There are 2 protein chains.
Amino acid sequence: MPTATPPHASAETLTVLGAGLVGSLLSLYLARRGHAVQVLERRPDPRREGSQEGRSINLALSDRGWRALEGVGVADDIRQVGIPMAGRVMHDAQGTLTRQPYGEAGQAIYSVNRGHLNRCLLDLAEAQPGVRLSFGQQCLRTDLKKQELHLLDTETQQARTEPYTRLFGTDGAFSAVRGALQKTDRYNYSQDYLEYGYKELTIAAGPEGAWQMEKNALHIWPRGQYLMIALPNLDGSFNCTLFFPYEGAESFAALQTPADVTTFFERVFPDAVPLMPTLTQEFFEHPTGSMVTIKCFPWKYDDDVLLIGDASHAILPFYGQGMNSGFEDCSVLNQLLDEHGDANWATVFAEFQTQRKPNADAMADLALYNFTEMRDRVGDPRFLLQKKIESRIAGQFPGRWTPLYSQVTFSHTPYAEAWAAGQTQDAIMARLMPHIHTEADFDQPAVQELVQQEMANKG
Amino acid sequence: MPTATPPHASAETLTVLGAGLVGSLLSLYLARRGHAVQVLERRPDPRREGSQEGRSINLALSDRGWRALEGVGVADDIRQVGIPMAGRVMHDAQGTLTRQPYGEAGQAIYSVNRGHLNRCLLDLAEAQPGVRLSFGQQCLRTDLKKQELHLLDTETQQARTEPYTRLFGTDGAFSAVRGALQKTDRYNYSQDYLEYGYKELTIAAGPEGAWQMEKNALHIWPRGQYLMIALPNLDGSFNCTLFFPYEGAESFAALQTPADVTTFFERVFPDAVPLMPTLTQEFFEHPTGSMVTIKCFPWKYDDDVLLIGDASHAILPFYGQGMNSGFEDCSVLNQLLDEHGDANWATVFAEFQTQRKPNADAMADLALYNFTEMRDRVGDPRFLLQKKIESRIAGQFPGRWTPLYSQVTFSHTPYAEAWAAGQTQDAIMARLMPHIHTEADFDQPAVQELVQQEMANKG
């Protein structure tokens, strides 16, 4: 996209509230279209020395995210600092490892550092003519009628009112902009917390920054009712996340002392414990994070305000699609602006929410679905056999069978379509698997006949 | 229950916020147990002359409501001013009538006037030693940590802070008490608006207060995508409610002028129009009401605060169970106080929400289910035949088959159990009905054999 002569320059300044991952990428998109963009962020500039990084579940960039980054030409820069993860490595309670590829050869998701990615996008946004970033700007209130933001400068503690003409709410799951929309008539809204919290822990780097486990994989310790995962970092360490019930026999509530933690981890994650020298310290110093699914509608207010990313559809982290879906929002909005023009906001906003809402809802369901898969099913040999058989079917019927994970992760198929197709395929697998006990069974004439029948019915 | 010597008198004053139907009944229950009860209500005293009645969908009292009223000995008083409705009368587009009884002979739901019922309960509460009612008390904020209510006296416009030790939020779907709970950590909450609004209209009384349609029935004009209902009043008139889409070809948006309204009503409700002399005036003067389903959890905060009625589970009006479920909350709470004692609030509150939450969720689903039934299925002869067959099965297998409507309306079976049993029975009917084309078919040996098989499997 040309950056020299903005194609749609207008007198109107667009306001983006929130300079996290989605807000900074959206600002880039809008500025590249020739708009003047004012970006307001509550937190201090994360690129300043001494700034605190918030806790965050590790990010896994997949195809939807990459396409959005490519749209503003920054994918290659980011890929330099990502670590490809080509599959899952499951760790059982005896420390035995099992591998499952995510897709075909060459396909991978990428472990990236949230802070790094955010700083990189902010640098790019700031370098773009027309973008003005302001940090430490807390939104106290959004007045939809008067089109005004009531802001507090967190450094000077000065409050002020700022008008907007077009406001994009990219301020995350607890969006202040959505807070204003929620007060409008007949607003649909839900927030639903998981009965699980998460705790971020560390697997240390080995000597000379060596990775102490397989580097190019996402590691999973599936334990039925809970799980731990680990994603590789560039420095040889892994970021681990324990997803664990708040209450119950095996829960955060049950682990009150360092001895409780050590005993529990040695029993259930025996191969990880020796690699976690700071386990008990981190366990009690790091906060326990909560996880929420947020749904709402509408996402717009007239043609003045649009919610984007987590502000309109915060989801659980288990499919690695939170950031990816927010980035896809940016690509889709950009495409709608291509189609309808940069002056036709009413149409663009209306189309955006109509198109994206069912996909956001489907993705929320998928994220919950994958929670069960990751904590429970991936530890089951029957499930892994099923994945292999699915892969065989995909190979035998090119273009007619794409595993659900691949549709979500390695395609741009709308989430709602992927989810519907995945449910159809799941039903087929549920009928086939009783006839299949080993991978070799797939080649049995009787099984092949069933497969042919199912594929004929599937159409 | 004795009123002279309160069995559980304590120094603690209980605070009930909201003196609507549920709040006034709850106050009665608590006072009868010997508690001092302070009742705070935002609106002015509805018993004062010139007070405005809010708009309201007509109420239909059924068994759960009656039992709760019996628990404080006021059922007989209320029954005097209720009109029994023994069944539905469907009006088709040609004005032809079809009848469907609600239950067995002698069973009925009762049309009651909300205002009258509320005033009656307030009188009874006020007469009870220990109850203090204050009107015009708007809750601006609830401070859960400090256990304080920030109140505004709407007459004097004086704001003040009042402490509470035990607070019951009976302040309805838009509860201020729940507003405070919603700000606590990991609070689950949803508000979901129906794409339909409602409009209250009147069928006039005939000469000398005669009812111009069958008095002891709930009248329904089912029209597939929308419907009108009418409930009898004591003065010979009927309160009608039109449930109608906000948008679309046949919708509120499409009826902009008195001529639009008249033309539309004459086409779709031809037998009602001559009985509605004030139709067009009311249509444009009465507000269009919205309908929301609200779910939340938890319903309590420590052992200090409990939500009751619509504050915790506002539902759609289509099963006539909004008030009845709120009244049942009062009976259930009373029973838990009997079991655990009046000092053991922590246990009582915890038990209450554990027991009532699944029932409230089931009732929310049932209310939506009945919307489809009332606007669409009751106009279908096949559906009415199915109801007759169900009634025959119930007669043939006493105690082993209770139609869903009867379980919800004429029993005290927990809503969740009723809903589950209803779904099982619906599945059986879906298998039987293809074999049944007239009521007489039910006696065919082949059909009887199927019925016997189904009942054997049902257990």
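Remember, predicted model here, so these are calculated numbers, not experimental data.

> Can you help me understand the overall build of chain A in this one?
The helix and strand inventory of chain A stands at 14 helices and 19 strands. For chain A, the C-alpha atoms occupy an extent of roughly 70 × 60 × 45 Å along the three principal directions. Taken across its 459 residues, chain A has 54% of its residues classed as buried. The contacts of chain A with a sequence gap of at least 6 include a subset with a gap of at least 24, amounting to 70%. About 19400 Å² of surface is accessible on chain A, with carbon and sulfur atoms providing 50% of the total. Between the averaged position of the 40 positive side-chain charges in chain A and that of its 56 negative side-chain charges there is a distance of 3 Å.

> So what exactly am I meant to see when it comes to the confidence of the model for chain A here?
A low pLDDT score tells you not to read the predicted coordinates there in detail. Of all residues in chain A, 96% have pLDDT values of 70 or greater, and the mean over the chain is 94. Quick note on the complex model: pTM equals 0.90, ipTM equals 0.85.

> Looking at this structure, I do not really get the pattern of salt bridges. What am I missing?
Side chains that differ in sign of charge can pair as their charged atoms come close. This model, assessed by the stated rule, comprises 49 salt bridges over all chains. Glu-439 of chain B is the partner of Arg-392 of chain B in a salt bridge, and the nearest nitrogen-oxygen pair spans 3.6 Å. Taken together, the residues Arg-392 of chain B in helix 11 (residues 381-396) and Glu-439 of chain B in the loop between helix 13 (415-432) and helix 14 (445-458) connect sequence positions 47 residues apart. Residues joined by salt bridges that share partners form a network here, namely Asp-45, Arg-47, Asp-123 and Glu-126 of chain A.

> Would you mind showing me how to read the packing of helix 1 (residues 21-32) of chain A against helix 9 (residues 322-340) of chain A here?
Pairs of packed helices are described in terms of their axes, by the angle between the two and the distance that separates them. All names here are of chain A. As a packed pair, helix 1 and helix 9 sit with axes 9 Å apart at the nearest point and diverge in direction by 20°. Between helix 1 and helix 9, the interaxial angle falls into the category roughly parallel. Where helix 1 crosses over helix 9, the two elements pack in a sense that is right-handed. Taking contact as the criterion, the partners of Leu-21, Val-22, Leu-25, Leu-26, Tyr-29 and Leu-30 in helix 1 are, on helix 9, Met-323, Gly-326, Phe-327, Cys-330, Ser-331, Leu-333, Asn-334 and Leu-337. Class assignment for the residues of the contact of helix 1 with helix 9 results in 11 nonpolar, three polar and no charged.

> Please explain a positive patch on the surface as it appears in this structure.
A grouping of Lys-183 of chain A together with Arg-141, Lys-146 and Lys-183 of chain B is seen on the molecular surface, where their side chains present a positively charged patch. In this fold, Lys-183 of chain B is placed in the loop between helix 5 (176-182) and strand 13 (188-203). Assessed through its relative accessible area of 75%, Lys-183 of chain B is described here as exposed.

> Explanation requested: the packing of helix 1 (residues 21-32) of chain B against helix 4 (residues 114-127) of chain B in the structure shown.
Residue and element names in this part refer to chain B. Running from amino to carboxyl end, helix 1 crosses helix 4 at an angle of 25°, the nearest separation of the two axes being 9 Å. As the angle between them shows, helix 1 and helix 4 are arranged roughly parallel. Of the two elements, helix 1 crosses helix 4, and the hand of that crossing is left-handed. Along its contact with helix 1, which presents Leu-21, Ser-24, Leu-25 and Leu-28, the element helix 4 presents Arg-114, Leu-117, Asn-118, Leu-121, Leu-122, Leu-124 and Ala-125.

> Explain the layout of surface pockets to me, please; I cannot follow it from the model alone.
Over the atoms a probe the size of a water molecule is rolled, and this reveals where empty space is left. Volume-wise, the second largest pocket comes out at about 880 Å³. As for the second largest pocket, its lining consists of 35 residues, and the residues nearest its centre are Ser-190, Asp-192 and Lys-295 of chain A together with Ser-190 and Lys-295 of chain B. Those elements that place two or more of their residues in the lining of the second largest pocket are strand 13 (188-203), strand 17 (289-297) and helix 10 (345-375) of chain A together with strand 13, strand 17 (289-297) and helix 10 (345-375) of chain B. Its residues assigned to classes, the lining of the second largest pocket shows 17 nonpolar, eight polar and 10 charged.

> Looking at this structure, I do not really get the pairing of strand 2 (residues 36-40) of chain B. What am I missing?
The side chains of a regular strand alternate, residue by residue, between the two faces of the sheet. Residue and element names in this part refer to chain B. Within strand 2, four of the five residues are buried, leaving the element largely enclosed by the surrounding structure. Where strand 1 (residues 13-17) lies against strand 2, five bridges are found, and the strand directions are parallel. Within the sheet, the bridge partner assigned to Leu-14 lies in strand 2 and is Val-37. For the crossover that starts at strand 1, traverses helix 1 and ends in the parallel strand 2, the hand is right-handed. Bridge analysis of strand 2 against strand 8 (residues 131-134) gives four bridges, and the strand direction is parallel. Residue pairing across strands places Leu-40 opposite Ser-134, the latter belonging to strand 8.

> I'm lost on the sheet that holds strand 10 (residues 148-153) of chain B in this one. Help?
Strand pairs in the sheet, formed through backbone hydrogen bonds, run parallel or antiparallel to each other. Residues and elements named next belong to chain B. Taken in spatial order, the three strands make up an open sheet running 9-10-11, and their pairing is antiparallel. Strand pairing shows two members of the sheet lacking a second neighbour, strand 9 (137-143) and strand 11 (159-163), which therefore form its edges. Averaged over all pairs of adjacent strands, the angle between strand axes in this sheet comes to 30°, irrespective of strand direction. The sheet contact formed by strand 9 and strand 10 spans six bridges and is antiparallel. Within the sheet, the bridge partner assigned to Gln-137 lies in strand 10 and is Asp-153.

> Explain the packing of aromatic side chains here, please?
For any pair of aromatic rings, geometry is given as the distance between the ring centres together with the angle between the planes. With the rule as written, the count across this model stands at 51 aromatic pairs over all chains. Ring plane angle 85° and centroid distance 5.2 Å describe the contact between Trp-66 of chain A and Tyr-110 of chain A, whose orientation is recorded as edge-to-face. Within this pair, whereas Trp-66 of chain A is found in helix 2 (residues 63-71), its partner Tyr-110 of chain A is found in strand 7 (residues 109-112), the two being separated by 44 residues in sequence. Classification of Trp-66 of chain A by relative accessible area gives buried; the value is 4%. A relative accessible area of 16% places Tyr-110 of chain A in the buried class. Its end group placed over the ring of Phe-283 of chain A, Lys-199 of chain A keeps NZ or CZ at 5.1 Å from the ring centre. Lying over the aromatic face of Phe-371 of chain B, Arg-375 of chain B brings its terminal NZ or CZ to 4.5 Å of the ring centre.

Conventions and cut-offs
- Residues numbered from 1 in each chain as written.
- Chains lettered and ligands numbered in written order.
- Predicted model: local features only at pLDDT ≥ 70, side-chain atom pairs only at ≥ 80, totals over all residues.
- Heavy atoms only, no water.
- Helix = DSSP H or I, 4+ residues; strand = E, 2+ residues; numbered from the N terminus.
- Buried < 20%, exposed > 50% of the residue type's maximum accessible area, 1.4 Å probe, protein only.
- Contact = heavy atoms within 4.5 Å.
- Areas by Shrake-Rupley, 256 points an atom, 1.4 Å probe, with all protein chains shown as cover.
- Lys, Arg positive; Asp, Glu negative; His and termini not counted.
- Charge placed at Lys NZ, Arg CZ, Asp CG, Glu CD.
- pLDDT = per-residue confidence, 0-100.
- Salt bridge = Lys/Arg side-chain N within 4 Å of Asp/Glu carboxyl O.
- Axes fitted to C-alpha atoms, helices over the stretch in contact; angles between N-to-C directions.
- Parallel < 35°, antiparallel > 145°, perpendicular 65-115°, else oblique.
- Left-handed = near helix turned anticlockwise from the far one by under 90°.
- Nonpolar A, V, L, I, M, F, W, Y, C, P; charged D, E, K, R; others polar.
- Patch = residues over 30% accessible without salt bridge, like charges linked within 9 Å, V, L, I, M, F, W, Y side chains within 5 Å.
- 1 Å grid on protein atoms, 1.4 Å probe; cavity = no way out; pocket = protein on both sides within 12 Å on 5 of 7 lines; lining within 4 Å.
- Points joined across faces, edges and corners; volume = space filled by probe spheres on them.
- Pairing = 2+ DSSP bridges.
- Right-handed = clockwise from strand over helix to strand, strands pointing away.
- Phe/Tyr/Trp six-rings, centres within 6.5 Å; stacked < 30°, edge-to-face > 60°.
- Lys NZ or Arg CZ within 6 Å of the ring centre and 35° of its normal.

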